[in-house]
Amino acid sequence: RFNFSQPQFQPFAFKYCSSPYKTDGSHPVSLLVIAARILLEFVKSLGWEIKKVVFTCEILRAFPAMAKELFLKANNSKGEFVRVASTFRNFIRADPTSEYPAEANRYHLYISLACPWASRTYFALKAKGLENVISKSVVHWKLRSEASWEFIPGDHRCDADPLNGKKNMREVYELVEPGYTGRVTVPVLFDKKTNKIVNNESAEILRMLNTEFNAFCETDEQRQLDLYPEELRESIDKWNDFCYHNVNNGVYKCGFATSQEAYDTNVVKLFDALDKLEEHLSTSRYLVGNRFTEADIRLFVTLVRFDMVYVGHFKCNKRRIVDYPNLWAYVREIYQMAGISETVDRFHIEHHYQESHLQINLHGIVAIGPELDFLAPHGRDTKFPASA
């Protein structure tokens, strides 16, 4: 048996994990893969010739202490997934005297079409008509242990890094902060003028796009669109909080649970929340009455992925969204808004989750997926007339 806390393993553990012996959420790969790679590199360092290697799941039983050390440190002692806070939290302002003033063609948005958090910001970019003002890059859908989010141009809507020619997002973070060891996430709002990351918190980026770039919106209608109106903020914040803990992050608490207790607790909360949302949307067109707000964007990006991946991959299979008449119609209405379907890429979504989370789906086999007609009539415009 090998104890991976021994000094001879440290250089190899560092290579494949962002901190010794653990992954940090930016590398959500199989324990088996990490263990195999560290062990192989150690053996090679001894000068041994490797003629044949066969790894099976038995490696986890052979090295139980190592497996415990290497597992995602994002889970607490009960096996519950705990999301780590974002690290870059500066704010772009419409004020030209601010540190990061709103300017056309100064900022760049790095996104993943698979990631619901990144998709919030792409949604706002579309809704506010800012695609010609803030450039964007789409990272590859597959997370790998060494590189995190990669740039592989030409592979199904994936782009290169047009700013600094980096191979992956970790290199972008390290460009800004040499020796960076924190989580590497998207979205990232990047300042091309100073070569710095402004912000990597999706909720804050969404609000910047909502208010600070109004001078550059493509149309008056987009300029007047306010996703966080002051008079509704109390209600929006309430729904944001409810949906974040029980739905947005709730599906991850189910999927990344490492104990039956953690899963059982959070899957009940998830479906209790969906039941409440179904009831609420039976009498309200959007979360806050007839006004479409950021709360709807934040809920939509999770619901639109639910039947594709969360039902099977994250074991959220008590009911599907298509089994909720009001939730399903709500999803279809938002999907059919101008430009929004472009923010939903089934290929990226289904392949990302099932090829990247090898601790859940060991062989990376991508399921055929359900048939979902997002373009079917939703009827919510007639059920809830705008004048009502």
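### Digging into the overall build of the chain
Logical step 1: Helices and strands together make up the secondary structure of the chain, namely 15 helices and 4 strands.
Logical step 2: Relative to its 388 residues, the chain shows a buried fraction of 53%.
Logical step 3: Considering only contacts within the chain whose residues lie at least 6 apart along the sequence, 70% involve residues at least 24 apart.
Logical step 4: Surface summary for the chain: the accessible area is close to 17,300 Å², and the carbon and sulfur share equals 51%.

### Some details on helix 14 (residues 346-356)
Residues spaced three or four apart along an α-helix point in a common direction, a consequence of the helix completing one turn every 3.6 residues.
Logical step 1: The element helix 14 is largely enclosed, with a buried count of 9 among its 11 residues.
Logical step 2: Regarding helix 14, the residues found buried are His348, Ile349, Glu350, His351, His352, Tyr353, Gln354, Glu355 and Ser356.
Logical step 3: Check the buried side of helix 14 and you find it contacts helix 5 (116-127), strand 2 (135-138), helix 10 (250-255) and helix 12 (294-310).
Logical step 4: N-cap assignment for helix 14: the residue whose side-chain oxygen lies 3.1 Å from the backbone N of Phe347 is Asp345.

### Focus: the nonpolar core
Logical step 1: Counting 95 residues, the largest nonpolar core has Met169, Leu274, Leu277, Leu287, Phe300 and Phe306 as its most contacted members.
Logical step 2: Among the elements that make up this core, the one with the highest residue count is helix 12 (11 residues).

### Comments concerning the packing of helix 5 against helix 12
Logical step 1: For the pair helix 5 and helix 12, the least separation of the axes is 9 Å and the interaxial angle reads 130°. As judged from the angle between their axes, helix 5 and helix 12 are oblique. Helix-helix and strand crossings are classified by hand; for helix 5 and helix 12 the assignment is right-handed. Residues Pro116, Ser119, Arg120 and Phe123 of helix 5 form the contact with helix 12, whose participating residues are Ile297, Arg298, Phe300, Val301, Arg305 and Tyr310.
Logical step 2: A breakdown of the residues in the contact of helix 5 with helix 12 according to their chemical character gives 6 nonpolar, 1 polar and 3 charged.

### Quick notes on the confidence of the model for the chain
Logical step 1: With 80% of its residues at a pLDDT of 70 or more, the chain shows a mean pLDDT of 86.
Logical step 2: Taken as a whole, residues 9-30 scores under 50 in pLDDT and shows 76 contacts with residues more than four places along the chain or in a different chain.
Logical step 3: Contacts from residues 54-73, a stretch scored under 50 in pLDDT, to residues over four places away or in other chains number 45 contacts.

### Comments concerning helix 12
Logical step 1: For helix 12, which comprises 17 residues, the first-to-last C-alpha distance of 22 Å matches the rise-based estimate of 24 Å (1.5 Å per residue) to within 8%.
Logical step 2: Most of helix 12 sits inside the fold, with 17 of its 17 residues counted as buried.

### Some thoughts on the pattern of salt bridges
Logical step 1: Applying the stated rule across the entire model yields 17 salt bridges.
Logical step 2: Residue Lys126 pairs with Glu342 through a salt bridge whose shortest N-O separation is 2.5 Å. Within this pair, whereas Lys126 is found in helix 5, its partner Glu342 is found in the loop between helix 13 (325-335) and helix 14, the two being separated by 216 residues in sequence.
Logical step 3: Of the residues examined, Lys126 reaches a relative accessible area of 12% and is grouped as buried.
Logical step 4: Across the salt bridge formed by Arg207 and Asp237, the nearest N and O atoms sit 3.4 Å from each other. In this pair, Arg207 sits in helix 7 (residues 202-211) while Asp237 sits in helix 9 (residues 233-248), placing the two residues 30 residues apart along the sequence.
Logical step 5: With relative accessibility at 27%, the residue Arg207 sits in the partly exposed group.
Logical step 6: If you follow the salt bridges from partner to partner, you end up with Glu103, Arg106 and Asp191 in one network.

### Here we look at the environment of Val366
Logical step 1: Within the secondary structure, Val366 is located in the loop between helix 14 and helix 15 (380-383).
Logical step 2: A relative accessible area of 25% means that Val366 is categorised as partly exposed.
Logical step 3: For the pair Val366 and Glu350, spaced 16 residues apart in sequence, the C-alpha to C-alpha distance is 6.9 Å.
Logical step 4: Each residue touching Val366, except ones within four places of it in the same chain, is listed here: Glu350, His351, Gln354 and Glu355.

### Describing unusual backbone geometry
Logical step 1: Of note, the bond from Val186 into Pro187 is cis; its omega dihedral lies within 30 degrees of zero at 10°.
Logical step 2: The backbone phi angle of His156 is positive, close to 50°, even though this residue is not glycine.
Logical step 3: Relative to the helices and strands, His156 resides in the loop between strand 2 and helix 6 (169-176).
Logical step 4: In this structure, Asn195 is a non-glycine residue whose phi angle is positive, near 60°.
Logical step 5: Its place among the elements puts Asn195 in the loop between strand 3 (188-191) and strand 4 (196-199).
Logical step 6: Among the residues examined, Asn195 registers a relative accessible area of 30% and is labelled partly exposed.

### What about the side chain of Ser284?
Logical step 1: Its place among the elements puts Ser284 in the loop between helix 11 (260-280) and helix 12.
Logical step 2: A relative accessible area of 7% places Ser284 in the buried class.
Logical step 3: In this structure the side chain of Ser284 is engaged in a polar contact, spanning 2.5 Å, whose partner is the backbone oxygen of Tyr286.
Logical step 4: Among the polar contacts listed, one links the side chain of Ser284 to the backbone nitrogen of Gly289, at a separation of 3.3 Å.
Logical step 5: Among all residues touching Ser284, those that are not within four sequence positions of it are Gly289, Arg380 and Phe384.

### Side note on the sheet that holds strand 1 (residues 107-111)
Logical step 1: Spatially, the 4 strands line up as an open sheet ordered 2-1-3-4, and their pairing is mixed. Looking along the sheet, the strands with just one partner apiece sit at the ends: strand 2 and strand 4. Each neighbouring strand pair of the sheet contributes to a mean axis angle of 30°, computed without reference to strand direction.
Logical step 2: The pairing of strand 3 with strand 4 spans 3 bridges and is classified as antiparallel. Bridge pairing in strand 4 links Phe190 to Ile197.
Logical step 3: Sitting on the sheet, helix 5 is in contact with strand 1 and strand 2, with an inclination near 135° to strand 1.
Logical step 4: Its contacts with the sheet place helix 7 against strand 1, strand 3 and strand 4, and it is angled at close to 85° to strand 4.

The rules we used
Residues numbered from 1 in each chain as written. Predicted model: local features only at pLDDT ≥ 70, side-chain atom pairs only at ≥ 80, totals over all residues. Heavy atoms only, no water. Helix = DSSP H or I, 4+ residues; strand = E, 2+ residues; numbered from the N terminus. Buried < 20%, exposed > 50% of the residue type's maximum accessible area, 1.4 Å probe, protein only. Contact = heavy atoms within 4.5 Å. Areas by Shrake-Rupley, 256 points an atom, 1.4 Å probe, with all protein chains shown as cover. Polar contact = N/O pair within 3.5 Å; in protein donor to acceptor, adjacent residues only side chain to side chain. Core = buried A, V, L, I, M, F, W, Y, C linked by side-chain atoms within 4.5 Å. Axes fitted to C-alpha atoms, helices over the stretch in contact; angles between N-to-C directions. Parallel < 35°, antiparallel > 145°, perpendicular 65-115°, else oblique. Left-handed = near helix turned anticlockwise from the far one by under 90°. Nonpolar A, V, L, I, M, F, W, Y, C, P; charged D, E, K, R; others polar. pLDDT = per-residue confidence, 0-100. Expected span 1.5 Å × (residues − 1). Salt bridge = Lys/Arg side-chain N within 4 Å of Asp/Glu carboxyl O. Pairing = 2+ DSSP bridges.

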